[in-house]
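Descriptive analysis of the structure
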Amino acid sequence: MLSDIEIAQQNKMEKIQVIADKCGLTPDDIEQYGHYKAKISFDAIRRLEAKPDGKLVLVTAITPTPAGEGKSTTSIGLVQGLQKIGKNAIATLREPSLGPVFGIKGGAAGGGYAQVVPMDDINLHFTGDMHAITAANNLLSAMIDNHIHQGNELQIDLRQLSWTRVLDMNDRALRNVTVALGGKVCGFPREDHFMITVASEIMAILCLAKDLEDLKERFGRIVIGCNLAGEPVYVHQLGCQGAMALLMKDAIKPNLVQTLEHTPAIVHGGPFANIAHGCNSIVATKLGLKLGDIVVTEAGFGADLGAEKFLDIKCRYGDIFPDTIVIVATLRALKMHGGVPKQELNTENVEAVTKGFSNLQKAIENMRYFNVPVLVAINKFATDTDAEIAELTRLCNEFGVPVELNECWEKGGEGGIDMAKKVVELLEGPKPTPKFVYDVEDSLEEKVNKIVTTIYGGDGVIFTDKAKKQIKQLADWGLDRLPVCMAKTQYSLSDNPALLGAPKGFTITVSDIRVANGAGFIVCRTGDVMVMPGLPKRPAALNMDIEADGTIKGLF
Ligand code: ADP
C-alpha cells in the first residue's frame, strides 16, 4: 500500500472550477487560490440562502487511540461512496493544525484512498486561515500590552489577564513565558502563556460567526480579563475589533477543495475537540446544506467530546441538527478498551473486542440520547481478522444498532458503498427534533453536572476552590448563561486518561473556568488537559523532506 502522500501525488485532480460547477457555484462565486483551492464568496452564500437544506450526517467515534480512528477518512470515504451511488453529497471538514501534522497524530486530510486534496497544501499553510487567526489573536495581545504600557487608561489588572498569545505549533516551551523584559521601553513584565492556535477563542469565533459583521461584533465582546475594580474588560473598550476582523477578511470565507474522487469538500475552521469545541465552521456546514443533498461533517475525537459540543454548541448556534450520526469504530480501539497494550493491538484478540465494546456502547447510547438514528461504521484495518469483525458485528446486532464495514481507506468510495446505502436508508426516517443535554439557563454547575452524568457516565463534578471563585465572578458579571465547552482528555470518558472502556464511579474535577464571551461559551478545564501540546519523543517531522524538484516525502 502506498503512503497517503504517494496516493495523493498519483491522483489527477480536477481544476477547482470544475468542482465548483459540480455543486452549482459559478466562476464569480469563487476566488481561486491556485488551480485546486478556492474561497467561496459571501455573495454566493447569501444568494443560496433561500434554497432548501439538504440532510446532515455527523461522523463521530469511539474513544480513540492516539493514532485516531479514522473519522476524517470515513467522512471523506462516505461522500465518495454516496457519490458512487448517485447522490449529490458534499463533505464539510476541519482544517488541519500544524501541531499534530509535525507531532504524533499526523495530518487531518483523511487517509489511504479517502483523502481531500491537495493534501500537502491542506495540511500545511492551505489558504492562510490559520495564520490569519494567529495574527488576529496576537494583534489583540500586542494591543493589550501596549495599552498598559501607554498609561493603562482602562486600569487593566495585569495579574488577572486571561487573554494569551497563540502559535500553531506543538511547542511546550511556550506554555508559560515571561513577556516585556528589557526595561521601561519594553512595557511591564508579566507572566504570559501560549496556546496552540486551534484552541484560541478567535478560532472558535470563526467557526461560530454568521458573517464578517457577526465576527467583528463577537471580537468586540471578548473578555480579556478584568480591571483593578474586578469588572470585566471587553475588546470593544480597547477598540481593536475592527482591525482584528480586517485580518480575518478572507479567513471567514469557506474553502472549497475536492476528494480523491472529485467530490466537493468544504474545509473551514479547525478547533481541537479536547481543548476547544471541535467542529468546522457553521458557515461551511450551512453552505454545504445548500450545495449538497447530503452533507457529511465531522466532530473531533470521541462522541463524548466533539459530538457533544457539536450538538450542544454548534447546533444550538447554527440552528442545525443532524439527521443521522455515524460512529466510527476500529477493532484496535475496542481492543485497547478491552485492556490490550498498545504494542499488541495488531494481534487477534476476540475476547478483548467483546470486553472493549462497553466504550462503543456508551458512544451509541450517548448519540441515541439525542434521538438521532445511529450507524456504526467499522473502519477496517489490514490487521483486523474475520473473527474480530464477526464479533463486533454480532455485538452491534445484539445491541440493536445498524453496523456496516467501511473499507474506504483501502478502496475509496467503492469501499464505502454499503455504508452509504445504509446512511441513505436512515436519512429517509423522520427529521429528528433538536434535543440538548442542558438548558443554557441552567446554572453553570448544573450544566457541567448534566454533561458528566449523562454523557461521561460519571457520578458528579468537583469544582476546585479556584473554579468556584471563577463561577461566582462569571455570575456577578452576568456571563454564566452560556453553553459549556468542556476541556477534557480525549482518551477516556473520564478526566483520567488511564480509565478505559466505560468507567463507572468516577467524578470529574473542574480546575479552571474561562468565559469565551465572543464565541459564546464557557470553557471548563478538567484533569491535566494542555492547551499547548508538546512534541513526542520521535516527532513526525523527522520523517519529512522535500526534494530539489519540490517532491514532498513523508507527509504521511
Ligand atoms: P480521525 O479523523 O478520527 O482523527 P483520521 O481519519 O485522521 O482519524 O485517521 C487517522 C490516521 O489513521 C490517518 O493517518 C489515516 O491515514 C489512518 N487510517 C485511517 N483509517 C485507516 C485504515 N483503515 N487503515 C490504515 N490506516 C488508516
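Residues numbered from 1 in each chain as written. Predicted model: local features only at pLDDT ≥ 70, side-chain atom pairs only at ≥ 80, totals over all residues. Heavy atoms only, no water.

**Let's talk about the sheet that holds strand β21 (residues 484-487)**
Here we have 4 strands laid out as an open sheet, ordered β20-β22-β23-β21, and mixed in their pairing. Either end of the sheet is taken by a strand with one partner, and the two such strands are β20 (460-463) and β21. Looking at each pair of strands side by side, their axes are set apart by 40 degrees on average, direction ignored. In terms of strand pairing, β21 meets strand β23 (residues 521-526) through 4 bridges, oriented parallel. Residue pairing in the sheet places Ala 487 in a bridge with Arg 525 of β23. Its contacts with the sheet place helix α13 (residues 303-318) against β21 and β23, and it is angled at close to 170 degrees to β21. (Pairing = 2+ DSSP bridges. Helix = DSSP H or I, 4+ residues; strand = E, 2+ residues; numbered from the N terminus. Axes fitted to C-alpha atoms, helices over the stretch in contact; angles between N-to-C directions. Contact = heavy atoms within 4.5 Å.)

**Observations regarding the layout of surface pockets**
Roughly 1,200 Å³ of volume is contained in the second largest pocket. If you trace the second largest pocket, you find 43 residues lining it, with Ser 162, Thr 164, Asp 512, Arg 514 and Arg 525 closest to the centre. Secondary-structure elements contributing two or more residues to the lining of the second largest pocket are β7 (156-161), β10 (190-192), β11 (194-196), α8 (201-208), β12 (223-227), α20 (465-477), β22 (507-516) and β23. Class assignment for the residues of the lining of the second largest pocket results in 23 nonpolar, 10 polar and 10 charged. (1 Å grid on protein atoms, 1.4 Å probe; cavity = no way out; pocket = protein on both sides within 12 Å on 5 of 7 lines; lining within 4 Å. Points joined across faces, edges and corners; volume = space filled by probe spheres on them. Nonpolar A, V, L, I, M, F, W, Y, C, P; charged D, E, K, R; others polar.)

**What about the UniProt feature "binding site: ATP" (unreviewed entry) in the chain?**
Per the UniProt record, the feature "binding site: ATP" (unreviewed entry) sits at Thr 65, Pro 66, Ala 67, Gly 68, Glu 69, Gly 70, Lys 71 and Ser 72. With respect to the helices and strands, Thr 65 occurs in the loop between β3 (55-61) and α4 (71-84). Mapped onto the elements of the fold, Pro 66 is located in the loop between β3 and α4. (UniProt positions renumbered as here; feature names shortened; annotations may be inferred.)

**Topic: the nonpolar core**
Ranked by internal contacts, the top residues of the largest apolar core, which has 180 residues, are Ile 224 and Leu 360. Setting aside anything within four residues of it in sequence, one finds Ile 224 in contact with Leu 140, Ile 144, Ile 156, Leu 161, Ser 162, Trp 163, Val 233, Val 235 and Leu 238. (Core = buried A, V, L, I, M, F, W, Y, C linked by side-chain atoms within 4.5 Å. Buried < 20%, exposed > 50% of the residue type's maximum accessible area, 1.4 Å probe, protein only.)

**A short note on the packing of helix α15 (residues 350-369) against helix α19 (residues 444-456)**
Where α15 meets α19, the axes come as close as 9 Å, and the angle between the chain directions of the two elements is 125 degrees. Taken together, α15 and α19 sit at an angle that is classed as oblique. Contact with α15, carried on its side by Lys 362, Asn 366 and Tyr 369, involves Thr 454, Ile 455 and Tyr 456 of α19 and no other residues of that element. Tallied by class, residues from the contact of α15 with α19 come to 3 nonpolar, 2 polar and 1 charged. (Parallel < 35°, antiparallel > 145°, perpendicular 65-115°, else oblique.)

**Topic: the sheet that holds β12**
Taken together, 3 strands build an open sheet; the order of strands is β7-β12-β13 and the sheet is antiparallel. Of all strands in the sheet, those with a lone pairing partner are β7 and β13 (232-234), marking the two edges. Across the sheet, the mean angle separating the axes of adjacent strands is 55 degrees when strand polarity is ignored. Pairing of β7 with β12, which is carried by 2 bridges, proceeds in the antiparallel orientation. Along β12, the bridge assignment pairs Ile 156 with Asn 227. On top of the sheet, helix α7 (residues 129-149) reaches β7 and β12; it is set at about 130 degrees to β7, its chief contact. Where α20 meets the sheet, its contacts fall on β7, β12 and β13, and the angle it forms with β12 comes to roughly 90 degrees.

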